[in-house]
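# Overview (structure and organization)
So you can see what is in the structure, the chains are spelled out below.
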Amino acid sequence: MDSLFERALAGDKRSIARLVSEVERRESSSRDLMRQIYPYTGKAHTIGITGSPGAGKSTLSSRLITLLRSQGHRVGVIAVDPSSPFTGGAILGDRLRMQEHSLDPGVFIRSMGSRGNLGGLSGATREAALILDACGYDTIIIETVGVGQSEIDVIRISDTVCLVLVPGMGDDVQIMKAGIMEIADVFVVNKSDRDGAEKVVADVRIMLDIIPARPWRPPVSLTSAEHDSGIEEFLKNIELHRDYLSRTEDGRARKLIQIEAEVEDSLRRDIASRVSSAWDAERADGICDRIEKRETDPYTVASDILGRILK
Ligand SMILES: Nc1nc2c(ncn2[C@@H]2O[C@H](COP(=O)(O)OP(=O)(O)O)[C@@H](O)[C@H]2O)c(=O)[nH]1
Ligand SMILES: [Mg+2]
């Protein structure tokens, strides 16, 4: 075991940060690291917090951290934000909102851009969460902007998915967005200090009555992260879901979804990197000129490359 890993396991934040940077770079060397780490994982409860930008995910996370810390938990936070490579602003916002926890040795916070990360959240975020799990953070919060594919991905890396809604944002649309109802384990209507929050709660409950009932009925929390209200009940709902998972087949099914995703992502990543290096070599060799002259064709070239990769 290398000493960096040893120091990280002992809780040294700088070493943990270096490990996370290593998986974030997505180099093939990180695979060996993950192999070493994996046996130490599987203990943490992972909470995914998703919802539109500005819904209050970071503010809520910060409140949750305070509460979890008061109960003696060690908390890891990974904030994923697709907008970060362009503006940097959102990440700065997340940092500021969670700043008060940055000196707490029992809290580890990391922002990650999701740029270029095939499969959105998967990959680097999962591996970062596994690192935090191995390093003794028993509760891990993954904050992700709910756009496009990422909210669907969040189920592949979280035990409990929390969907944050707010009044005045075209709520029906927020709720109806494909797949959202199905993946949320806990609903949170934040900004209860604003008009219309109760209406959103009622709308969510109506929606839950309409969709086919499942053994776990997602509870709906009403919070004002800004005014620190409703956070205890929100956390209680998360804990109810965690307990539900621990005593039912649904819990095992969720774990299997995550494991399948781990293998599949790793496989895809491996194949993708081999394809691109084989293709780069072929291209540098002038294969496109040969195709243009009709000496060969794209289909033969592709299957030749694949044949060589799989050999
Ligand atoms: N009025 C009100 N504003 C809030 C509440 N929670 C968060 N905010 C504000 O909403 C803005 C976005 O919050 P942030 O946590 O960064 O949202 P995120 O993009 O989902 O992470 C910030 O200006 C917060 O201060 C709340 O409960 N009520
Ligand atoms: Mg945020």
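Figured I'd write up the structure that's included with this text. Note that the coordinates shown come from a computational prediction; the quantities given were computed from them, not determined experimentally. (Residues numbered from 1 in each chain as written. Chains lettered and ligands numbered in written order. Predicted model: local features only at pLDDT ≥ 70, side-chain atom pairs only at ≥ 80, totals over all residues. Heavy atoms only, no water.)

### Description of the pattern of salt bridges
This model, assessed by the stated rule, comprises 18 salt bridges. Its salt-bridge partner being Asp203, residue Lys199 comes within 3.0 Å of it at the nearest N-O pair. In this pair, Lys199 and Asp203 are both assigned in helix α11 (residues 197–210), four residues apart and thus about one turn of the helix distant. The exposure class of Lys199 is exposed, given its relative accessible area of 52%. (Salt bridge = Lys/Arg side-chain N within 4 Å of Asp/Glu carboxyl O. Helix = DSSP H or I, 4+ residues; strand = E, 2+ residues; numbered from the N terminus. Buried < 20%, exposed > 50% of the residue type's maximum accessible area, 1.4 Å probe, protein only.)

### As for the packing of helix α3 (residues 29–37) against helix α7 (residues 124–134)
At a closest axis distance of 10 Å, the pairing of α3 and α7 adopts a crossing angle of 40°. When you trace α3 past α7, the crossing you get is left-handed. On α7, the residues that touch Ser30, Met34 and Ile37 of α3 are Glu127, Leu130, Ile131 and Ala134. Tallied by class, the residues present in the contact of α3 with α7 amount to five nonpolar, one polar and one charged. (Axes fitted to C-alpha atoms, helices over the stretch in contact; angles between N-to-C directions. Left-handed = near helix turned anticlockwise from the far one by under 90°. Contact = heavy atoms within 4.5 Å. Nonpolar A, V, L, I, M, F, W, Y, C, P; charged D, E, K, R; others polar.)

### Brief notes about unusual backbone geometry
Positive phi, normally seen in glycine, also occurs at Asp228, with a value near 55°. Inspection of the secondary structure puts Asp228 in the loop between β7 (220–222) and α12 (231–247). On the basis of relative accessible area, Asp228 is assigned to the partly exposed category, the value being 46%. With a phi close to 65°, Arg294 is a non-glycine residue in the positive phi region. For Arg294, the location among the structural elements is in the loop between α14 (287–292) and α15 (298–310).

### Looking at the pairing of strand β6 (residues 186–189)
Side chains Val186 and Val188 of β6 all project onto a buried face; the interleaved residues Phe187 and Val189 project onto the opposite face, where all are buried too. In terms of strand pairing, strand β5 (residues 160–165) meets β6 through four bridges, oriented parallel. When the sheet's bridge partners are listed, Leu163 is paired in β6 with Phe187. Here three bridges tie β6 to β7, and the two strands are oriented parallel to one another. Among the inter-strand pairings, Val188 is bridged to a residue of β7, identified as Ser221. With α11 bridging β6 and the parallel β7, this β-α-β connection has right-handed handedness. (Pairing = 2+ DSSP bridges. Right-handed = clockwise from strand over helix to strand, strands pointing away.)

### Regarding the sheet that holds strand β1 (residues 45–51)
If you trace the seven strands from one edge of the open sheet to the other, you get β3-β2-β4-β1-β5-β6-β7, paired in parallel fashion. One side of each edge strand has no neighbouring strand; the edge strands of this open sheet are β3 (107–112) and β7. This sheet shows a mean twist of 20° between the axes of neighbouring strands, independent of strand direction. In terms of strand pairing, β1 meets β5 through five bridges, oriented parallel. Each residue of the ladder has a partner; that of Gly51, found in β5, is Val164. Most of the contacts of α11 go to β7, to which it runs at about 180°, and overall it touches β5, β6 and β7.

### Focus: α3
Residues three or four positions apart in an α-helix share a direction because the helix packs 3.6 residues into each turn. Within α3 the residues assigned to the buried category are Ser30, Leu33, Met34 and Ile37. Within α3, the buried residues cover an arc of 100° as seen down the axis, which keeps them to one side. Against the buried residues of α3 lie α1 (3–9), α2 (13–24), α7 and α13 (249–284). (Arc of directions from axis to C-beta.)

### So, α7
Of all eleven residues in α7, eleven are buried; the element is thus mostly enclosed. Buried residues of α7: Ala124, Thr125, Arg126, Glu127, Ala128, Ala129, Leu130, Ile131, Leu132, Asp133 and Ala134, and no others. Phi for Gly136, located one or two positions after α7, is positive at around 95°.

### A closer look at the pairing of β5
By the criterion of burial, β5 is predominantly enclosed, with six of the six residues buried. Of the two faces of β5, the one lined by Thr160, Cys162 and Val164 and the one lined by Val161, Leu163 and Leu165 are each fully buried.

No statement about biological role is implied by the geometric values presented.
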